[in-house]
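Structural description and commentary
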Amino acid sequence: MEDNINEIPTEFENATRGERLGAALIDALIITVVIIPLAYFMGYFENFGEVTPPLNITIVLAIVGFALYFLVNGKLLHTNGQTIGKKFNGIRIVKLDGTKPDIKELLVRRYIPYFGFPYIPYIGSFVNLINLCFIFGKEKRCLHDKIAGTKVVKS
């Protein structure tokens, strides 16, 4: 069976919240292995808890993390609408009509909001929490899914 799927049948089952959480945890672990040492050597943790980390270091880490995420997952996202975590959990991202989203659509409409919400000054953590709480709705779609017009389904 070929992994590259251009069309998905119109009848598909939404991924469970647990499958999505598992995929997110795997993806986060992969990126964390690189970002934590980089943050340490850049001085991000100096005076941790006493002051806000320098904005320039925060921006560099955000950009490196975003770039690394797409370096690691870009081919899978392009061919199957999956990240490593999603592939491991047997789920994928599709548009609402069931077709595979274009990589540019994923980048701009899904992942920039997903990665960007936490960096909104003063309210970023709150906005990110709202984003994630949308998963508890009937459709099991986070706010970044709604913005992108996507959903996560079983493969």
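Residues numbered from 1 in each chain as written. Predicted model: local features only at pLDDT ≥ 70, side-chain atom pairs only at ≥ 80, totals over all residues. Heavy atoms only, no water.

With respect to the helices and strands, the residue V108 is situated in helix α4 (residues 103-116). Owing to a relative accessible area of 52%, V108 belongs among the exposed residues under this scheme. C-alpha separation for the pair V108 and A148, spaced 40 residues apart in sequence, amounts to 8.3 Å. (Helix = DSSP H or I, 4+ residues; strand = E, 2+ residues; numbered from the N terminus. Buried < 20%, exposed > 50% of the residue type's maximum accessible area, 1.4 Å probe, protein only.)

Looking now at the pattern of salt bridges. For the structure on display, the rule yields six salt bridges. For K154, the salt bridge is made with E19, and the minimal N-O distance between the two is 2.8 Å. Of the two residues, K154 is situated in strand β2 (residues 150-154) and E19 in helix α1 (residues 17-41); the sequence distance between them amounts to 135 residues. Exposure remark for K154: the relative accessible area of 26% places this residue in the partly exposed category. The closest approach of N and O atoms between R141 and E139, which form a salt bridge, is 3.3 Å. In the salt-bridge network here, residues are joined through shared partners; they are R20, R110 and D145. (Salt bridge = Lys/Arg side-chain N within 4 Å of Asp/Glu carboxyl O.)

In this section: helix α5 (residues 124-133). Of the residues making up α5, those classed as buried are G124, V127, N128 and N131. Viewed along the axis of α5, the buried residues span an arc of 100 degrees, placing them on a single side of the element. Relative to its buried face, α5 has exposed residues pointing more than 90 degrees away, namely S125 and F126. In this structure, the buried side of α5 is in contact with α4 and α6 (143-148). (Arc of directions from axis to C-beta. Contact = heavy atoms within 4.5 Å.)

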